[in-house]
Amino acid sequence: MARGPKKHLKRIAAPKAWMLSKLGGSFAQRPSQGPHKLRESIPIGVILRHRLKLALTRREIINICNAKEGNVRIDNRLRRDAKFPVGLMDVFSLDKANESYRVLYDVRGRFTLKLLKKDEANFKLCKVKRKEIGPNKIPYIVTNDARTIRFPHPDIDVNDTVKINLVDNKIVDYCKFEAGNVALITGGNNIGRVGIITHRERHLGGFDIVHLKDANGKSIATRISNIFVVGKGKKPWISLPADNGLYLSALEAKEARENARRKEKAGK
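1. Details of the packing of aromatic side chains
Consideration 1: Taken as a whole and judged by the stated rule, the model has 1 aromatic pair.
Consideration 2: Centroid distance Tyr105 to Phe111: 4.8 Å. Interplanar angle 25°. Geometry classified as stacked.
Consideration 3: Since its relative accessible area comes to 3%, Phe111 is described here as buried.
Consideration 4: A cation sits over an aromatic face here: Arg102 above Phe123, 5.2 Å from the ring centre.
Consideration 5: The ring of Phe123 is capped by Lys163, whose NZ or CZ atom sits 4.4 Å from the centre of that ring.

See below:
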């Protein structure tokens, strides 16, 4: 019987959100231990090789990460580990290409990279997981990316979202978990969808259920642990993926494609 932590990951067992082909080999890159869970993150190597198409082999990935001047930054911090886990809302930057991306989910639950403008690459959103009082009665919060922030604003509570400046790592703003704010769903059947929080059902001894309504008027219900508030009111603080967090059925998607084709023909 094996002892110690596993060091390998079979490709067939890799998270579906990575979108790896079944025939590309027996194994996949296993993320290192870090701020995100294995099944809620994607390694730097997979991003460079399968998403951005900047490398063909593992050796090329290592050369990119280990370059003397440093190429890859996660949340404005230089990372040389090709297996470092990159998770939701992280800002992935390439210094030489002068490009930055935010890691998000699309409505099919797959990781997607959203190209950012320079001003938007300087901040990230973090969900508050815990609020405690530490030694010497110092209050602190713990976020979804394992940050510990001391002396937060007294109004910040669990399930709220804080906006962090990646230059000095300080909280510049926050938005409450309350009805009327826009939120992203980060797990469950409705992963990747965006909607306005309408109300919260409290279930003592069970899971609280949160109800949302998207821009198409469809109602969504999910557990409170899957909710990530991304802005005050109806306007999100971040740029959303191409689908804007709106799920379309097969018929609706077909109709949208046909309408787009008609507009193209009319334009010509």
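2. Some thoughts on a positive patch on the surface
Consideration 1: Together, Lys254, Arg257, Arg261, Lys265 and Lys268 line one region of the surface with positive charge.
Consideration 2: Mapped onto the fold, Lys265 is located in helix α3 (residues 250-267).

3. Observations concerning the environment of Val72
Consideration 1: Within the element layout of this structure, Val72 appears in strand β2 (residues 72-74).
Consideration 2: It is 8.9 Å that separates the C-alpha atoms of Val72 and Lys96, two residues lying 24 residues apart in sequence.

4. Examining the pairing of strand β17 (residues 227-231)
The side chains of a regular strand alternate between both faces of the sheet.
Consideration 1: In terms of residue burial, β17 counts as a mostly covered element, since 5 of its 5 residues are buried.
Consideration 2: Across 4 bridges, the pairing between strand β13 (residues 182-185) and β17 is antiparallel. Residue pairing for β17: Val182 is matched across the bridge by Gly231.

5. A closer look at the nonpolar core
Consideration 1: Within the largest apolar cluster, 52 residues are counted, with the highest numbers of intra-cluster contacts made by Trp18, Ile44, Leu48, Met89 and Phe92.
Consideration 2: When residues no more than four places from it in sequence are discounted, the contact partners of Leu48 are Lys53, Leu54, Ala55, Ile61, Ile64, Cys65, Val72, Phe92 and Leu94.
Consideration 3: Counting 8 residues, the second-largest nonpolar core is a separate cluster that includes Ile149, Val162, Ile164 and Tyr174.

6. Considerations on the pattern of salt bridges
Consideration 1: Inspection of every chain in the model, using the stated rule, returns 16 salt bridges.
Consideration 2: We note a salt bridge from Arg73 to Asp95, for which the minimum N-O separation is 2.9 Å. On the criterion of sequence distance, the pair formed by Arg73 in strand β2 and Asp95 in the loop between β5 (91-94) and β6 (99-105) is long-range, its members being 22 residues apart.
Consideration 3: By relative accessible area, Arg73 is classed as partly exposed at 24%.
Consideration 4: With a closest N to O distance of 2.8 Å, Lys124 and Asp145 form a salt bridge. Of this pair, Lys124 sits in strand β8 (residues 123-133) while Asp145 sits in the loop between β9 (139-143) and β10 (148-150), and the two are 21 residues apart along the sequence.

Thresholds applied
Residues numbered from 1 in each chain as written. Predicted model: local features only at pLDDT ≥ 70, side-chain atom pairs only at ≥ 80, totals over all residues. Heavy atoms only, no water. Phe/Tyr/Trp six-rings, centres within 6.5 Å; stacked < 30°, edge-to-face > 60°. Buried < 20%, exposed > 50% of the residue type's maximum accessible area, 1.4 Å probe, protein only. Lys NZ or Arg CZ within 6 Å of the ring centre and 35° of its normal. Patch = residues over 30% accessible without salt bridge, like charges linked within 9 Å, V, L, I, M, F, W, Y side chains within 5 Å. Areas by Shrake-Rupley, 256 points an atom, 1.4 Å probe, with all protein chains shown as cover. Salt bridge = Lys/Arg side-chain N within 4 Å of Asp/Glu carboxyl O. Lys, Arg positive; Asp, Glu negative; His and termini not counted. Charge placed at Lys NZ, Arg CZ, Asp CG, Glu CD. Helix = DSSP H or I, 4+ residues; strand = E, 2+ residues; numbered from the N terminus. Pairing = 2+ DSSP bridges. Core = buried A, V, L, I, M, F, W, Y, C linked by side-chain atoms within 4.5 Å. Contact = heavy atoms within 4.5 Å.

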